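Coordinate inspection notes
Single-letter residue listing:
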Amino acid sequence: EVQLQQSGPEVGRPGSSVKISCKASGYTFTDYVMNWVKQSPGQGLEWIGWIDPEYGSTDYAEKFKKKATLTADTSSSTAYIQLSSLTSEDTATYFCARHFGVGVMDAWGQGASVTVSS
Amino acid sequence: DIQMTQSPASLSASLGETVTIECRASEDIYNGLAWYQQKPGKSPQLLIYNANSLHTGVPSRFSGSGSGTQYSLKINSLQSEDVASYFCQQYYDYPWTFGGGTKLELK
């Protein structure tokens, strides 16, 4: 069974950074690209970007290029997203989601909440 | 960016009823469209991809159709477990974008 287990809730001060993990199991980690998606409180979904764990290549939505950094550790089958220079706009739940074909996401983590508060 | 507009934003329906949710793209997305279901407090789950292909394990009462800029998700014989929010997503062009969602409740 494909599972994506995300790390727990994070609280960050304005201007600081947080890093969320997503541990994959039930499939070969390097065979699938991993996406990250943001869901603001009571709002819709925004695609942040993807990482190909095999090659380390990434692509980001323009809006998130200076905000998010995607990395992956193949030895532990874990993908990461780091969010920098936190503002109240970054308060949201962040999901990792496995690629299924181009752009379709067939398995999702449970989500990790980030709260930005002083 | 391609804008995805869903309608209605909320919907109330009775058990056994047929429900249709619409999604309009700001330009032709050539069937590069997926539908997701998100139950309260849970992560989204893939229902439909390529506008009309049912994902593995999804009940056959769900179906997708459309082309060009207009797409729809239909739920036949509504069940209580279908209470959720539904989102469309285009993946024809970067950045991939989602509709604002439709919240489906029981009447």
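I will try to describe carefully the structure that is included in this document. All of these numbers come straight from a predicted model, not from anything done at the bench.

The rules behind these values
Residues numbered from 1 in each chain as written. Chains lettered and ligands numbered in written order. Predicted model: local features only at pLDDT ≥ 70, side-chain atom pairs only at ≥ 80, totals over all residues. Heavy atoms only, no water. Helix = DSSP H or I, 4+ residues; strand = E, 2+ residues; numbered from the N terminus. Rg over C-alpha atoms; globule rule 2.2 N^0.38 Å. Contact = heavy atoms within 4.5 Å. Areas by Shrake-Rupley, 256 points an atom, 1.4 Å probe, with all protein chains shown as cover. Lys, Arg positive; Asp, Glu negative; His and termini not counted. Charge placed at Lys NZ, Arg CZ, Asp CG, Glu CD. Buried area = accessible area lost by both parts, 1.4 Å probe. Salt bridge = Lys/Arg side-chain N within 4 Å of Asp/Glu carboxyl O. Polar contact = N/O pair within 3.5 Å; in protein donor to acceptor, adjacent residues only side chain to side chain. Disulfide = S-S within 2.5 Å. Buried < 20%, exposed > 50% of the residue type's maximum accessible area, 1.4 Å probe, protein only.

Considering the overall build of chain B
Helix and strand content of chain B: 0 helices and 11 strands. The linear arrangement of helices and strands in chain B, starting from the amino end, is β-β-β-β-β-β-β-β-β-β-β. A compact globule built from 107 residues should have a C-alpha radius of gyration of about 13 Å, and chain B, at 13 Å, falls within 12% of that. Considering only residue pairs separated by 6 or more positions, chain B has 58% of its internal contacts joining residues 24 or more positions apart. Of the accessible surface of chain B, which amounts to about 4,900 Å², a share of 44% is contributed by carbon and sulfur atoms. Positive and negative side-chain charges in chain B, numbering 7 and 9 respectively, have mean positions lying 11 Å apart.

Digging into the interface of chain B and chain A
The extent of an interface is frequently quoted as the accessible surface area lost upon association of the parts. With 16 residues of chain B in contact, the opposing surface of chain A contributes 21 residues. A combined buried area of about 1,500 Å² lies between chain B and chain A, and 70% of that area is made up of carbon and sulfur atoms. For the pair chain B and chain A, the interface holds 0 salt bridges. Along the contact surface separating chain B from chain A lie 5 residue pairs in polar contact (both at pLDDT 80 or more). Within the residue set of the side of chain B that touches chain A, elements represented by two or more residues are strand S4 (33–38), strand S5 (45–49) and strand S9 (84–90) of chain B.

So, the state of the cysteines
As enumerated under the stated definition, the model contains 2 disulfides over all chains in all. A sulfur-sulfur distance of 2.1 Å marks the disulfide that ties A:Cys22 to A:Cys96. The S-S bond linking A:Cys22 to A:Cys96 shows a torsion near 75°; that makes this disulfide right-handed. Placement of the pair is A:Cys22 in strand S3 (residues 18–25) and A:Cys96 in strand S9 (residues 92–100), with a sequence separation of 74 residues. With respect to burial, A:Cys22 and A:Cys96 carry one shared label: buried. Across the disulfide from B:Cys23 sits B:Cys88; the S-S distance is 2.0 Å. Looking down the S-S bond of the B:Cys23 and B:Cys88 bridge, the torsion is 65°, so its handedness is right-handed. Of the two residues, B:Cys23 sits in strand S3 (residues 19–25) while B:Cys88 sits in strand S9, which places them 65 residues apart along the sequence. This pair shows no difference in class: B:Cys23 is buried, exactly as B:Cys88 is.

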